[in-house]
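# Chain and residue survey
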Amino acid sequence: MNANIRVLGLEEPGFISVSINDVVRGKPDPEPYERAATLLGLKPQQCIAVEDSPTGAQAALAAGTHLIAWPEDRMLEFPLGTQPITDLEPAVKELLQYAA
């Protein structure tokens, strides 16, 4: 994953990634999100997860993160109470206004 991020030019100071190689239990367990929050020096409740899969959404919710469900496949069934979106930018801006 890190190699792909570098090739795409998305790597910057402070950027972290967590893959299946970094955890004991993968999604739908909350461990990947809990580990990412720890690496950032934050609590999961201070983080926003952007997920494209129901399994990832389940993990993010179990960790206590804020969730934006942004599926490529609109037919996927996300956890109860999760409303998938089609436009990411307004959803992120809405959540960030609460952090200010």
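Residues numbered from 1 in each chain as written. Predicted model: local features only at pLDDT ≥ 70, side-chain atom pairs only at ≥ 80, totals over all residues. Heavy atoms only, no water.

### A closer look at unusual backbone geometry
In the segment running from lysine 27 into proline 28, the intervening peptide bond is cis, with an omega of 20 degrees. Within the secondary structure, proline 28 is located in the loop between helix 1 (2–7) and helix 2 (31–40). (Helix = DSSP H or I, 4+ residues; strand = E, 2+ residues; numbered from the N terminus.)

### Remarks on the pattern of salt bridges
Going through the model one piece at a time under the given rule, you end up with four salt bridges. Aspartate 29 is the salt-bridge partner of arginine 25, the closest N and O atoms lying 3.2 Å from each other. The class of aspartate 29 is partly exposed, set by a relative accessible area of 22%. Note that glutamate 51 is salt-bridged to lysine 27, the shortest N-O span being 2.7 Å. One end of the pair, glutamate 51, is in strand 1 (residues 48–51); the other, lysine 27, is in the loop between helix 1 and helix 2, and 24 residues separate them in sequence. (Salt bridge = Lys/Arg side-chain N within 4 Å of Asp/Glu carboxyl O. Buried < 20%, exposed > 50% of the residue type's maximum accessible area, 1.4 Å probe, protein only.)

### Description of a nonpolar patch on the surface
A contiguous nonpolar surface patch, about 330 Å² in accessible area, is contributed by Ile48, Val50, Trp70 and Leu96. Tracing the backbone shows valine 50 in strand 1. Using a relative accessible area of 39% as the deciding quantity, one classes valine 50 as partly exposed. (Patch = residues over 30% accessible without salt bridge, like charges linked within 9 Å, V, L, I, M, F, W, Y side chains within 5 Å. Areas by Shrake-Rupley, 256 points an atom, 1.4 Å probe, with all protein chains shown as cover.)

### Considerations on the environment of leucine 39
Along the chain, the position of leucine 39 falls in helix 2. Note on leucine 39: relative accessible area 41%, which makes it partly exposed. Along the sequence, leucine 39 and glycine 14 sit 25 residues apart, while their C-alpha atoms lie 9.7 Å from each other. If we ignore the near neighbours within four places in the chain, the residues touching leucine 39 are Ile16 and Val18. (Contact = heavy atoms within 4.5 Å.)

By themselves, these figures tell us nothing about what the structure is for.
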